[in-house]
Amino acid sequence: MSRARQRKELKAQLAAEAQVNADPSSVNVQSGVIKATSQQSRFHLDAIETNIKEIDLKAVCLSIGEKELLRDAHLRIKEGVVYGLVGRNGTGKSTLLQALADNLIPGLPQNLVILLVSQLDTDQSLAESAGDDKNKTVLQVLIDSDRKRVRAQKEVEVLTAVLENGSQKDLRGTTHNLLVSRAREELDEARRIAERRSGRRGHDARKDLLVAEAKLADLEKGTEYVLAIHRPSAEIDYYAKALEMQLAAMDIAPQRDTSGLTSRAEQILRGLGFTDVQLAEPYHALSGGWKSRASLAAAMFRKCHILLLDEPSNFLDLPAVLFVQKWLKELKEWGDVSVVLVSHDRELVDEAADELMLLKRSSLSYFEGNISEFERHVPERAETLKANIRTQEALDKKKLHIQKSIATATKTAKKSGDDNKLKMAKQRQTKLDTRWGVEKNAKGHRFKLNRDFGGYHLGFRDEVDFTEFSPEQHIHIVFPESEPLKRPGPIIHLEKVTFAYGAGARRNLVVSDVDFTVYPKERIALVGANGHGKTTLVNLMTNNLKPASGVVDLHPYAKIGLYSQDAVTKITATARNETALTRFLKTVRDAGKDRGVTEQEARSYLGQLGLGGRLADTVPIGQLSGGQRVRLALAEVMWEGPHCLVLDEVTTHLDSDTIEALIDALRTFDGAIVLVSHDRHAVKAIIEGMDDGLSDEDSERSNEEDAIIGKVYLVRDKKLTLLNGGVDEYVSKVQKRLAKVKITLAA
């Protein structure tokens, strides 16, 4: 289609949208259309650019498709603060971050640079940086991912050369070509914005798109045309224009020497687990998990005002998580970058977050502190709730009295014609309509409008806030008990086991001379960096791999249940359009585990794992949240009542509430557990017996005489090493190594 025809169609579309009054913004995503609105005044203009580096928007509404995620929420992101965004799966955390990154919420300051590390997609800037060059290394792709800086560097080089040595003709041609290049980038950005916005903002964006198209069209007609149209009576001073462009580019990329950039890029990549060999390998050769790490590295490498991290630890091992934790600490000390962090790793959020942003019941509330501090304030919040209830009851009683007095005064005034009584009734009604609400501020002092209620509001008083205290349905997971073993002895026994992939010169030794034993009811955790053999050991102890040498002896009567780290991926790939009930019945029957199970028994069992009602028989698996798919995978594993449960990264995809429910269920599970995890909180609670979050009944059960103290093994250098200090000993070793690393932030 010709550009003229495209412009004609756009003009027609603009004319059709001229009467649009609403102001939603939208973007197509995998699961629907994101729509966002917010309260705006004359101070909230899309075009405004200020030095303010924070967000403070009222009455934010957010939806995706027909599902409402936020309703009249207060979105606040203060400069230099690290927020932990907390909410259950499906409440809209990822959608909120996507709306912020795509600038879909009206009122967002246009000067803010917002970067998103998504758990769903890798950074497009990396793919664009790699381009069609199949040999471009990971390191070079990362350095070139900052397109604005790369473009500025190239402009500085070209303009410096032509200003120093070029002729007037060269200067004119070079400057014009750079102007055309900039106009193309402006057009691409205008097109991207126009595609993502709708309503009045979309109408304005398409106007801007027409302007960008016209500008590029004029420039592409050549320098003579530009001279005739824009400066018909005078020659354009291309020397001054080139000098102006050079200085602007040098502000963006002040150093031509990239050695500092290379050093910083290497530091970030190595901190996230990339080896020297991987740094020199082509970016296109990376697996999906390593590309996700590279996306995180790109966000850490580039300069921004607000960094949005959506489950950054999903593909990270514990050393990489600790590096990110250290990097965030350094970033806080720098003080000018805000971070919103979503993570199932509770200890990462606890260490990094200054404040919590709580997404619950389509509303946002805030708490100064981390998750552990929030939980310690439960009794205090309960007292506040009681006080708020008393305040609301008193206000309701007073309001009822005023309403009765208004009705009585109005009736009397109409009968007697008393204008004073009628005026009094109207004044009282005005108070109810505009000045009704709390009469004391948070400090217990008398409420004053100018002091306690700044900003734009629909009334002159605030309401009693119950948002923070509204309870959510408790998640409860119940696992079936296993039958007693017919014969005593260890469930799993590995003796002098060695395993290697490949043969000859390509032989890759993974584990060597490993001894490992799991007894009934025992709790064991395997920790260590990725690539050191944890999953290989899991496959060896479940007979999915055969050792090159040594003995793997499994109890003849014991049932071993395996939850693999790719269990959710397999379920999604093979049964996306099936329901959980259909998938479960098919799986257990194909595996010969059905034991004559009826549909009603299957429903009851899935309900115990939080997959009851419509989630079991109506909603396709492809529309279930990550946490719900984890529960389905666990249902398949637990159905037979295994005597030993082997869990490989089971907390990935789960929200914090579901993780706590899973921890409670595993703490009371009567079989043995082998847990492979980078989640420090899960290892401490499930394996080491940390009591946080346990009920009194669960604590008594965990302290029974026959309970076995858990063990934590470090898998490293092809060996297993018992850590007497538990997971904290491993964390301490990694942190000692990281203490020697001086992190350099983007200037």
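Only a predicted model underlies this, so the values are computations on that prediction, with no experimental measurement involved. (Residues numbered from 1 in each chain as written. Predicted model: local features only at pLDDT ≥ 70, side-chain atom pairs only at ≥ 80, totals over all residues. Heavy atoms only, no water.)

### Here's the deal with the overall build of the protein
Working step 1: If you tally the helices and strands in the protein, you get 28 helices and 19 strands.
Working step 2: When each of the 747 residues of the protein is scored for burial, the buried share is 47%.
Working step 3: Of the roughly 38300 Å² that the protein leaves accessible, carbon and sulfur atoms contribute 48%. (Helix = DSSP H or I, 4+ residues; strand = E, 2+ residues; numbered from the N terminus. Buried < 20%, exposed > 50% of the residue type's maximum accessible area, 1.4 Å probe, protein only. Areas by Shrake-Rupley, 256 points an atom, 1.4 Å probe, with all protein chains shown as cover.)

### Quick look at the packing of aromatic side chains
Working step 1: Throughout the structure, instances matching the rule amount to 8 aromatic pairs.
Working step 2: When the ring of F499 is compared with that of Y501, the centres are 4.7 Å apart and the planes differ by 85°; the resulting orientation is edge-to-face.
Working step 3: The buried category is assigned to F499, whose relative accessible area is 7%.
Working step 4: Among the residues examined, Y501 registers a relative accessible area of 38% and is labelled partly exposed. (Phe/Tyr/Trp six-rings, centres within 6.5 Å; stacked < 30°, edge-to-face > 60°.)

### Digging into the sheet that holds strand β12 (residues 508–518)
Working step 1: Strand order in this open sheet of 3 strands is β12-β11-β14, and the pairing throughout is antiparallel. The open sheet has two free edges, formed respectively by β12 and β14 (549–554), since each of these has just one partner strand. Along the sheet, successive strands turn relative to each other by an average axial angle of 25°, direction set aside.
Working step 2: When strand β11 (residues 492–501) meets β12, the two strands line up antiparallel, connected through 7 bridges. Its bridge partner lying in β12, A500 is registered against L509. (Pairing = 2+ DSSP bridges. Axes fitted to C-alpha atoms, helices over the stretch in contact; angles between N-to-C directions.)

### Digging into the packing of helix α26 (residues 680–687) against helix α28 (residues 726–739)
Working step 1: Where α26 meets α28, the closest approach of the two axes is 9 Å, and the angle between their N-to-C directions is 155°. On the basis of their axis angle, the class for α26 and α28 is roughly antiparallel. On the side of α26, the interface is formed by R680, V683 and K684, while α28 contributes V727, D728 and V731. (Parallel < 35°, antiparallel > 145°, perpendicular 65-115°, else oblique. Contact = heavy atoms within 4.5 Å.)

### Concerning the pattern of salt bridges
Working step 1: The final tally for this structure, using the stated rule, is 25 salt bridges.
Working step 2: A salt bridge links E266 to R270, with the nearest nitrogen and oxygen atoms 3.6 Å apart. Of the two residues, E266 and R270 are both situated in helix α10 (residues 259–271); the distance of 4 residues between them amounts to about one turn of the helix.
Working step 3: Judged by relative accessible area, E266 falls into the partly exposed class, the value being 24%.
Working step 4: Its relative accessible area of 41% is what places R270 among the partly exposed residues. (Salt bridge = Lys/Arg side-chain N within 4 Å of Asp/Glu carboxyl O.)

### Concerning the side chain of S677
Working step 1: On the secondary structure map, S677 appears in the loop between β17 (672–676) and α26.
Working step 2: On the accessibility criterion, S677 (4% relative accessible area) is buried.
Working step 3: In this structure the side chain of S677 is engaged in a polar contact, spanning 2.9 Å, whose partner is the backbone nitrogen of D679.
Working step 4: When neighbours within four sequence positions are excluded, S677 is seen to be in contact with L526, V527, E649, T651 and V683. (Polar contact = N/O pair within 3.5 Å; in protein donor to acceptor, adjacent residues only side chain to side chain.)

### Remarks on helix α2 (residues 93–101)
Working step 1: Considered for burial, the residues of α2 that qualify are K93, T95, L96, L97, A99 and L100.
Working step 2: Just downstream of α2, N103 is the residue with a positive phi angle, here 55°.

### Side note on the pairing of strand β15 (residues 560–563)
Working step 1: Residue alternation in β15 divides its side chains into a buried set, G561 and Y563, and an unburied set, I560 and L562.
Working step 2: Sheet topology note: the β15/strand β16 (residues 644–648) ladder contains 4 bridges and is parallel. Note on β16: the bridge partner recorded for G561 is L645.

### Describing empty space enclosed by the protein
Working step 1: Applying the stated criterion across every chain yields a total of 2 cavities of 30 Å³ or more.
Working step 2: A volume near 110 Å³ is recorded for the largest cavity.
Working step 3: Surrounding the largest cavity, 14 residues form its lining, V117, S292, E311, P312 and F315 being those nearest its centre.
Working step 4: Per-element tally for the lining of the largest cavity: the top contributor is helix α12 (residues 288–301), with 4 residues. (1 Å grid on protein atoms, 1.4 Å probe; cavity = no way out; pocket = protein on both sides within 12 Å on 5 of 7 lines; lining within 4 Å. Points joined across faces, edges and corners; volume = space filled by probe spheres on them.)

### What to know about the sheet that holds β16
Working step 1: Pairing is mixed across the open sheet formed by 6 strands, whose spatial order is β15-β16-β17-β13-β18-β19. Strand pairing shows two members of the sheet lacking a second neighbour, β15 and β19 (719–722), which therefore form its edges. Each adjacent strand pair in this sheet contributes to an overall mean axis angle of 20°, direction not counted.
Working step 2: Bridge analysis of strand β13 (residues 523–527) against β17 gives 4 bridges, and the strand direction is parallel. Opposite A525, over in β17, you have L675 as the bridge partner.

### Examining a nonpolar patch on the surface
Working step 1: Where nonpolar side chains cluster on the molecular surface, the patch consists of Y239, L243, L247 and M250 and spans about 360 Å² of accessible area.
Working step 2: Checked against the element boundaries, L243 lands in helix α9 (residues 238–252). (Patch = residues over 30% accessible without salt bridge, like charges linked within 9 Å, V, L, I, M, F, W, Y side chains within 5 Å.)

### Things to note about the packing of helix α21 (residues 580–590) against helix α22 (residues 599–608)
Working step 1: Put simply, α21 and α22 touch, their axes get as near as 10 Å, and they point 115° apart. Regarding the angle of α21 to α22, the classification is roughly perpendicular. The interaxial crossing formed by α21 with α22 has right-handed handedness. Between α21, through A580, L581, F584 and L585, and α22, the contact on the second element is made entirely by E599, A602, R603, Y605 and L606. (Left-handed = near helix turned anticlockwise from the far one by under 90°.)

### Some points on helix α19 (residues 534–541)
Residues lying three or four places apart along an α-helix face the same way, a consequence of the helix completing one turn every 3.6 residues.
Working step 1: Of all 8 residues in α19, 7 are buried, a share of seventy percent or more.
Working step 2: All of the buried residues along α19 are K534, T536, L537, V538, N539, L540 and M541.
Working step 3: N543 sits one or two residues past α19 and shows a positive phi near 65°.

### Remarks on the side chain of H344
Working step 1: In this fold, H344 is placed in the loop between β8 (338–342) and α14 (346–352).
Working step 2: Polar contacts involving the side chain of H344 include one to the side chain of N314, which spans 3.4 Å.
Working step 3: With near-sequence residues (within four places) excluded, H344 lies in contact with E311, S313, N314, T651, T652, L654, I659 and D679.

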